[in-house]
Amino acid sequence: MEPTQAAAAPTHLLSVLVWLPAIAGIFILFLPRQSPGMLRAVALGVGLFEFGKSLQLLIGSDYARGFRFVENVEWIPSMGIRYHLGIDGLSLWLVVLTTFLTPLVLYVSFGSIKARQKEYIAAMLLLQSAMIGAFVALDLFLFYVFWELMLVPMYLIIGVFGGPNRVYAAVKFFIYTFAGSIFMLVAIVYMVVTFKELDPSHRYSFDYQDLMRLGFPRWTEVALFVAFAVSFAIKVPMFPLHTWLPDAHTEAPTGGSMILAAVMLKLGTYGFMRFAMPFFPGASHMVGPTIAGLACAGILYGAAVAWRQKDFKKLVAYSSVSHLGFVMLGIIARTPQATTGAVLQSINHGISTGALFLLVGVIYDRRHTRDLGEFGGLAKVMPKYATFFILVTMSSIGLPFTNGFVGEFLVITGTFTADLLRIPYHVERSSGPSFVGMGPLYASLAALGVLFGAIYMLEAVQKVFWGPLNNPKNRKLKDLNERELIALIPLAILILWIGLRPQDFTKSIEPDVQGWIDQYEQKRVAVTRLGAQRPWMLSESDVRLPPRREPRAEAR
């Protein structure tokens, strides 16, 4: 992929986006707790400034291809560790989504988080830094640092500010995600040591471009792919590694659930695209139908379990498992249409599911229950709330002219013709081996998931908003207040904007998706052609690496 640098772009823009929230979070810890207004003002000011700065990433992004806003300097030369940052169409909108949602999450949380606001703000800002860092890191040591760092503030957000079983949910979240990361760490170390052995200068390197040149024997590549895939699949989470998610969502505060669903889970899908599949295309090609099958199982399983939930928040949590199955299916399908849909659906899921968790939090703050059976007829007393909820529901089930429709449509249609999703059946025929295409089957299963999604979401809407207002506790509920409206209106605008004008977003995604597919396919062909019993080094032309820029030697 040819690198592009936007004209007159700030040199250290990515560093500002990565480190400013962390610095602000630490600074806030030294501010007086007795001045909550100052704490809130600083937090919102930093959040809005970050969002404004992130919009500069869109400069020159239309139809651009390759990494932009690159920063590449030595960090620990003796270990080959670099401070290497860059952004492309695969990560661009995920960074913007992070900076867009963080101030909204902070603002809406000020209405429900009354105690320890200082610690909550600091944790949320540190989490923002870690997530953005993971999205833009192009050195695997740096990526792993950010990957692990984000666990700590989320653990505190769930464990300190969550519900009655918050400690159990926080520990379960931490153990699952940390344990999965160990497999990835072992694989990274093996790759770095292998690179040192093969490199003529015998140097260590954690750099993304250097490690992309490694080729491995078939089963070594499979083992390394599995190590990365397990770590990312837990984060998504994919079926059957999803069991930590419902507890984490149920016990987390509203803001924690929003940022967990909207951004943090996307690091799993992003990891598959950025690292697992490009590093190991042969193994990915081999097990692609299996992963696609698990993605479809997650779509149907998540929808079926959500349908039977009585807890409002658990329903949304299991719907998240279902919707992220579409993202994984689009990535594994590896067609321009499906993969573009997967990247766009990552953004759509963040907007729609984040809004759903916010709306569930609104009703919980008023009634202190999430039991669907406790509600009914709320449209009569909360018409504004009902309007926003129904709009977000239409987005979640993929109604045309909403953002959910565009992403799911692209994934399903792109999966239908996916070459990767083929299972060979060798038969004794004069024409040679025949191949049974699995794309239509997977696309049909995904479409069935859309139908199930409509069933459980519309049934929930019927239970909550229509029918008689029998429960006297619901008759005096207050409608959306100013704070809640300010948080919901931007989300509603995005739902309709992406649904009506998806090209405003896809034009900065499609070029890098095509470059990603080209790089994947070229390396897969090269690995297949040069297959050997020992690891080897591919040429840069075999993996379509961009021309190298001379990195600066200054230490960071």
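Conventions and cut-offs
Residues numbered from 1 in each chain as written. Predicted model: local features only at pLDDT ≥ 70, side-chain atom pairs only at ≥ 80, totals over all residues. Heavy atoms only, no water. Helix = DSSP H or I, 4+ residues; strand = E, 2+ residues; numbered from the N terminus. Buried < 20%, exposed > 50% of the residue type's maximum accessible area, 1.4 Å probe, protein only. Contact = heavy atoms within 4.5 Å. 1 Å grid on protein atoms, 1.4 Å probe; cavity = no way out; pocket = protein on both sides within 12 Å on 5 of 7 lines; lining within 4 Å. Points joined across faces, edges and corners; volume = space filled by probe spheres on them. Nonpolar A, V, L, I, M, F, W, Y, C, P; charged D, E, K, R; others polar. Domains from an automatic or database assignment. Buried area = accessible area lost by both parts, 1.4 Å probe. Axes fitted to C-alpha atoms, helices over the stretch in contact; angles between N-to-C directions. Parallel < 35°, antiparallel > 145°, perpendicular 65-115°, else oblique. Left-handed = near helix turned anticlockwise from the far one by under 90°. Pairing = 2+ DSSP bridges. Expected span 1.5 Å × (residues − 1). Salt bridge = Lys/Arg side-chain N within 4 Å of Asp/Glu carboxyl O. Core = buried A, V, L, I, M, F, W, Y, C linked by side-chain atoms within 4.5 Å. Patch = residues over 30% accessible without salt bridge, like charges linked within 9 Å, V, L, I, M, F, W, Y side chains within 5 Å. Areas by Shrake-Rupley, 256 points an atom, 1.4 Å probe, with all protein chains shown as cover. pLDDT = per-residue confidence, 0-100.

Bringing the overall build of the protein into the picture now. Scanning the protein from N- to C-terminus turns up 22 helices and six strands. Considered along the principal axes of its C-alpha atoms, the protein spans approximately 75 × 65 × 45 Å. In the protein, which comprises 556 residues, the share counted as buried stands at 60%. A separation of at least 24 residues holds for 80% of the contacts in the protein among residues at least 6 apart in sequence.

All right, on to the layout of surface pockets then. In this structure, the second largest pocket occupies an estimated 370 Å³ of space. Looking at the lining of the second largest pocket, the elements that each hand over two or more residues are α10 (244–251) and α15 (336–367). A per-element tally of the lining of the second largest pocket places α15 first, with five residues. When grouped by side-chain class, the residues that make up the lining of the second largest pocket number eight nonpolar, seven polar and four charged. Three or more residues apiece are contributed to the lining of the second largest pocket by two domains, here domain 1 (1–279) and domain 2 (280–425 + 433–506).

Before going further, it helps to spend a moment on the domain arrangement of the protein. Interfaces are frequently sized by the accessible area removed from exposure as the parts join. By domain assignment, the protein separates into domain 1 (1–279) and domain 2 (280–425 + 433–506). The straight-line distance from the C-alpha centre of domain 1 to that of domain 2 is 23 Å. Across the contact, 48 residues belong to domain 1 and 47 residues belong to domain 2. Between domain 1 and domain 2 the total buried area reaches about 4200 Å² when both faces are included, carbon and sulfur atoms providing 78% of it.

Mapped onto the fold, aspartate 139 is located in the loop between α4 (117–136) and α5 (140–149). Excluding its chain neighbours within four sequence positions, the residues that come into contact with aspartate 139 are Gly80, Ile81, Arg82, His84, Phe206, Asp207 and Tyr208.

Another aspect to go through is the packing of α5 against helix α12 (residues 266–279). How two helices sit against one another is set out by the angle between their axes and by the gap between those axes. Running from amino to carboxyl end, α5 crosses α12 at an angle of 155°, the nearest separation of the two axes being 13 Å. Taken together, α5 and α12 sit at an angle that is classed as roughly antiparallel. Here α5 runs over α12; the crossing is left-handed. Here α5 contributes Leu140, Phe143 and Trp147 to the contact with α12, which in turn contributes Leu267, Gly268, Phe275 and Phe279. Taken together, the residues that form the contact of α5 with α12 break down as six nonpolar, one polar and no charged.

Burial within strand β2 (residues 81–87) is extensive, with seven of its seven residues counted as buried. Neither face of β2 is left uncovered, since the one carrying Ile81, Tyr83, Leu85 and Ile87 and the one carrying Arg82, His84 and Gly86 both have all their residues buried. Taken together, the six bridges between strand β1 (residues 68–76) and β2 define a ladder with antiparallel strand orientation. Residue pairing in the sheet places glutamate 71 in a bridge with leucine 85 of β2. The turn linking β1 back onto β2 is made up of four residues, and glycine 80 within it adopts a positive phi angle of 70°.

Inspection of the secondary structure puts leucine 448 in helix α19 (residues 439–465). For leucine 448, a relative accessible area of 33% gives the class partly exposed. Once the C-alpha coordinates of leucine 448 and methionine 238 are considered, the two residues, 210 residues apart in sequence, prove to be 18 Å apart.

Turning our attention to α19. With 27 residues, α19 ought to run about 39 Å at 1.5 Å a step, and its terminal C-alpha atoms sit 39 Å apart, in line with that. Once α19 finishes, glycine 467 follows within two positions and takes phi at roughly 85°, a positive value.

On to the pattern of salt bridges, then. A full pass over the atoms with the stated rule returns 14 salt bridges. Aspartate 504 serves as the salt-bridge partner of arginine 501, at 2.9 Å between the closest nitrogen and oxygen. Using a relative accessible area of 17% as the deciding quantity, one classes aspartate 504 as buried. For glutamate 521, the salt bridge identified is with arginine 524, shortest N-O distance 2.5 Å.

Let's shift gears to the nonpolar core. Counting 184 residues, the largest nonpolar core has Phe228, Phe272 and Phe279 as the members making the most contacts within it. When we break this core down by domain, the ones giving at least three residues each are domain 1 (1–279) and domain 2 (280–425 + 433–506). Not counting the four nearest positions on each side in its chain, phenylalanine 228 is found in contact with Leu140, Met184, Ala187, Ile188, Met191, Phe275, Ala276, Phe279 and Phe280.

The residue glutamate 484 is located in helix α20 (residues 482–500) in this model. Setting aside residues up to four positions removed in sequence, glutamate 484 forms contacts with Val362, Arg366 and Asp479.

Between α10 and helix α11 (residues 254–264), the shortest axis-to-axis distance is 7 Å and the interhelical angle comes to 145°. For the pair α10 and α11, contact is made by Trp244, Leu245, Ala248 and His249 and by Ser257, Leu260 and Ala261, respectively.

Attention shifts here to a nonpolar patch on the surface. Together, Met79, Phe178, Ile182, Leu185, Val186, Val189, Val193 and Tyr204 make up a nonpolar patch on the protein surface, roughly 600 Å² of accessible area in all. Within the secondary structure, valine 193 is located in helix α7 (residues 166–198).

A few words on empty space enclosed by the protein. Counted according to the given criterion, the structure contains five cavities of 30 Å³ or more. What lines the largest cavity is His323, Gln345, Asn348, His349, Ser352, Thr353, Ser395, Ser396, Gly404 and Glu408. Secondary structure elements with two or more residues in the lining of the largest cavity: α15, α17 (383–396) and α18 (403–416). At five residues, α15 tops the list of elements feeding residues into the lining of the largest cavity. Tallied by class, residues from the lining of the largest cavity come to no nonpolar, nine polar and one charged.

Mean pLDDT for the protein: 88, with 91% of residues reaching 70 or above. Mean pLDDT across the elements of the protein ranges from a minimum in strand β4 (residues 422–425), with 48, to a maximum in α5, with 96. Confidence drops under a pLDDT of 50 for residues 1–8, and excluding neighbours within four residues, the segment shows 30 contacts in the predicted structure.

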